[in-house]
Amino acid sequence: MSEPADRRYGPATLPTARGPLSAAVVEALRRPPCDLPADLGVDLDPADPITDEDLQLTLFLCYELHYRGWLGVDESWEWQPTLLALRARCERVFEAALRRLVGAPSVPAAGVAAGLAELVAADDGPSLAATLQRRADLVQFREFVAHRSVYHLREADPHSWALPRLGGPAKAALVEIQTDEYGNGRLDRMHAELFRGTLDRLGLDTGYGAHIDVAPAVTLATNNLMSLFGLHRRLRGALLGHLAAFEMTSSLPNRRYGNGLRRLGFDEVATRFYDEHVEADAVHEQIAAHDMCGGLVRVEPALAPDVLFGAAAGLAVDRLFAAHLLDSWGAGRSSLRAPAPPALPPKVSLVASPEVAPPALV
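Conventions used here
- Residues numbered from 1 in each chain as written.
- Predicted model: local features only at pLDDT ≥ 70, side-chain atom pairs only at ≥ 80, totals over all residues.
- Heavy atoms only, no water.
- Helix = DSSP H or I, 4+ residues; strand = E, 2+ residues; numbered from the N terminus.
- Rg over C-alpha atoms; globule rule 2.2 N^0.38 Å.
- Buried < 20%, exposed > 50% of the residue type's maximum accessible area, 1.4 Å probe, protein only.
- Contact = heavy atoms within 4.5 Å.
- Areas by Shrake-Rupley, 256 points an atom, 1.4 Å probe, with all protein chains shown as cover.
- Phe/Tyr/Trp six-rings, centres within 6.5 Å; stacked < 30°, edge-to-face > 60°.
- Lys NZ or Arg CZ within 6 Å of the ring centre and 35° of its normal.
- Salt bridge = Lys/Arg side-chain N within 4 Å of Asp/Glu carboxyl O.

(A) Main features of the overall build of the protein. Along its length, the protein carries 14 helices and zero strands. Ordered by position from the N terminus, the helices and strands of the protein form the series α-α-α-α-α-α-α-α-α-α-α-α-α-α. For the protein, the C-alpha radius of gyration of 20 Å lies close to 21 Å, the compact-globule estimate for 362 residues. Summarising its shape, the C-alpha atoms of the protein cover approximately 65 × 50 × 40 Å along the three principal directions. Taking all 362 residues of the protein together, 54% fall into the buried category. In the protein, the share of contacts with a sequence separation of at least 24, taken over all contacts with a separation of at least 6, comes to 81%. Entry remark: accessible area of the protein is about 15000 Å², with carbon and sulfur atoms responsible for 54%.

In structure tokens:
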């Protein structure tokens with residue numbers, strides 16, 4: 001298969017393997033669909049599944065077949081039974097690790113919306129957003145944007161898996177949120193397109209999946225978490241809980257990200273993605289907690305614990321992600337896997353202020 005006419009929209013190029021399991025999958029995907037060895041992954045037992053490079057890349061390889069696929073890979077692999085069996089083995093290990101990480105959040109008497117608010121209020125993770133606003137240099141900001149590109153270039157897609165699995169008030173609320181995420185049907189307002197503008201301004205590759213190879217396991221885990229919840233109907237409550245926590249913790253960090261880019265001298269094209277989320281997510285958080293999750297639990301009360309599990313898991317993995325970046329930078333090393341993004345000069349359009357110094361080139 002030849003290169004796509006427009007790399008911005010995928011499919012992505014197959015990444016480099018990170019261990020025996022992902023190597024077996026990459027090798028298989030380069031061929032026509034065939035049966036994988038029956039014992040592949042049966043003894044899977046990583047010390048820390050959430051940060052295991054081989055496991056997380058294997059899951060990402062499998063999940064992407066349900067999104068935009070891989071360049072040159074036969075699309076029939078999406079439903080190949082032995083690959084699905086391997087994915088299921090990996091998922092069991094990943095989900096068990098998530099449940100160990102967060103336990104079983106209890107539903108307060110006040111209801112699921114109150115439970116979500118309690119989880120968000122108790123979230124004491126490291127303030128990555130404050131660092132990016134006040135102290136991060138251009139190299140570090142570029143790294144952060146490269147990490148986030150894995151999700152933001154397909155923003156909203158994982159949560160859209162819930163749409164055909166819902167009815168009534170929860171579905172209506174989710175549609176309202178997703179409509180905004182997709183720019184109300186206008187390409188130039190889609191959040192993925194706005195983020196592409198940020199990538200471009202920072203001199204980073206804007207191609208779909210361009211930064212997968214440099215994204216470490218914890219970054220892939222933040223994405224695999226959404227795909228795990230989205231691709232299993234039994235986890236639809238967890239998926240909505242994840243989205244609610246995502247929206248409830250978005251507005252202030254995005255304000256800080258935008259201010260951090262302004263501090264570095266970038267213009268409104270670079271900051272538009274973050275500025276858009278400041279206002280939109282302040283509205284979305286109420287819709288997500290009360291109308292979407294509250295509406296789901298009113299119809300299906302048994303799903304309340306799943307909603308809180310999904311929220312808690314999302315918050316916990318994001319804490320691990322933030323800690324990884326801050327620990328790496330504190331130790332004077334890159335938070336990305338080698339090689340880092342190419343040293344391209346960012347496309348800077350400075351705000352007209354004598355106090356703003358041009359950002360140094362990477």
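Let's pick the thread back up.
(B) Just the packing of aromatic side chains, in detail. By the definition in use, this model includes nine aromatic pairs. Relative to Phe246, the ring of Tyr151 lies with its centre 5.7 Å away and its plane at 70 degrees, an arrangement referred to as edge-to-face. Residue Tyr151 is located in helix H6 (residues 138-152), and its partner Phe246 is located in helix H11 (residues 236-248); the two are separated by 95 residues in the primary sequence. What makes Tyr151 buried here is its relative accessible area of 7%. Their ring planes at 85 degrees and their centres at 5.1 Å tell us that Phe273 and Tyr274 sit as a pair that is edge-to-face. Taken together, the ring pairs in this structure connect Phe141, Phe144, Phe195, Tyr257, Phe273 and Tyr274 into an aromatic cluster. Sitting above the plane of the Phe309 ring, Arg99 keeps its charged end 4.0 Å from the centroid. The ring of Tyr67 has Arg154 lying over it, and the distance from NZ or CZ to the ring centre is 4.0 Å.

(C) Seen up close, the pattern of salt bridges. One pass over the structure, following the stated rule, counts 16 salt bridges. Between Glu64 and Arg154 there is a salt bridge whose closest N-O contact spans 2.5 Å. Linking Glu64 in helix H2 (residues 53-64) with Arg154 in the loop between H6 and helix H7 (157-160), this pair joins segments that are 90 residues apart in sequence. We note that Glu64, like Arg154, is buried. Note that Arg87 and Glu91 form a salt bridge whose closest N and O atoms lie 3.1 Å from each other. Of the two residues, Arg87 and Glu91 both sit in helix H3 (residues 81-102), four residues apart, roughly one turn of that helix. Pair check on accessibility: Arg87 and Glu91 agree, each one buried. In this structure, a network of salt bridges that share partners links the residues Arg18, Glu53 and Arg337.

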